[in-house]
Amino acid sequence: MENQVDKKMMSIVADDGSVEEVEVIIAFEFKDNKKEYVVYTKNEKDENGNITVYVSHVDRESGEPKLFGIEDESEWGRIKDVLRELSKDE
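Residues numbered from 1 in each chain as written. Predicted model: local features only at pLDDT ≥ 70, side-chain atom pairs only at ≥ 80, totals over all residues. Heavy atoms only, no water.

Things to note about the pattern of salt bridges
The test is simple: Counted as salt bridges are all cases of a side-chain nitrogen of Lys or Arg within 4 Å of a carboxyl oxygen of Asp or Glu. Numbering goes from the N terminus for both helices and strands, where a helix is a DSSP run of H or I of at least four residues and a strand is a run of E of at least two. Relative accessibility decides the category of a residue: with a 1.4 Å probe and only protein chains considered, values under 20% of the type maximum give buried, values over 50% give exposed, and everything between is partly exposed.
By the definition in use, this model includes seven salt bridges. Of the charged contacts in the structure, one is a salt bridge between D32 and R78, with a shortest N-O distance of 3.1 Å. Pair noted here: D32 is in the loop between β2 (19-30) and β3 (35-45) and R78 is in helix α1 (residues 73-89), with a separation of 46 residues, a long-range link. D81 is the salt-bridge partner of R84, the closest N and O atoms lying 2.9 Å from each other. One end of the pair, R84, and the other, D81, are both in helix α1, three residues apart, so they sit about a helical turn from each other. By relative accessible area, R84 is classed as partly exposed at 47%.

Examining the pairing of β2
Quick reminder of the rule: Two strands are said to pair when DSSP picks up at least two bridges between them.
Relative to β2, strand β1 (residues 8-13) runs antiparallel, the two sharing six bridges. Bridge pairing in β2 links I12 to E20. Count of turn residues in the β1/β2 antiparallel hairpin: five residues, of which G17 carries a positive phi of about 95 degrees. The pairing of β2 with β3 spans seven bridges and is antiparallel.

Describing the side chain of E23
Spelled out, the test is: Here, residues are in contact when the closest pair of their heavy atoms is within 4.5 Å.
If you trace the backbone, E23 turns up in strand β2. According to the relative accessible area criterion, E23 is buried, its value standing at 16%. Those residues in contact with E23 that sit more than four places away from it in its chain are K7, K8, M9, V39, Y40, T41 and N43.

Re the confidence of the model for the protein chain
Where we set the bar: Think of pLDDT as the predictor's per-residue confidence, scored from 0 to 100.
In this model, the protein chain carries a mean pLDDT of 89, and residues with pLDDT of at least 70 account for 92%. Within the protein chain, β3 carries the highest mean pLDDT (95), whereas α1 carries the lowest (89).

Focus on the environment of R78
The following threshold applies: For this analysis, a polar contact is any N or O atom pair within 3.5 Å, provided that within protein one partner can donate a hydrogen and the other can accept it, and provided that sequence-adjacent residues contribute only side-chain to side-chain pairs.
A relative accessible area of 32% means that R78 is categorised as partly exposed. Sequence separation between R78 and E21 is 57 residues; the distance between their C-alpha atoms is 27 Å. When near neighbours in sequence (up to four residues on either side) are disregarded, R78 contacts F30, D32 and N33. Polar contacts involving the side chain of R78 include one to the side chain of D32, which spans 3.1 Å.

Structure representation (structure tokens):
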């Protein structure tokens, strides 16, 4: 019998209005700066067969959550640390 895990899905609306369903891997927040992030996948594989994941900053100030890319190198470093810790747990 296969172990069925409930997948958490979310819809992403692009600037052009198109909607895409993606699978949420994890969402987390850094307590010190109150910034929230979501790691998700479209279940695409790269040339090595690894699933591609995306990370976005979640901004809820306008009421409707909006996703933004991460451009700050120190912020990226902290996010990579979280992802490394998660991969150790698997």
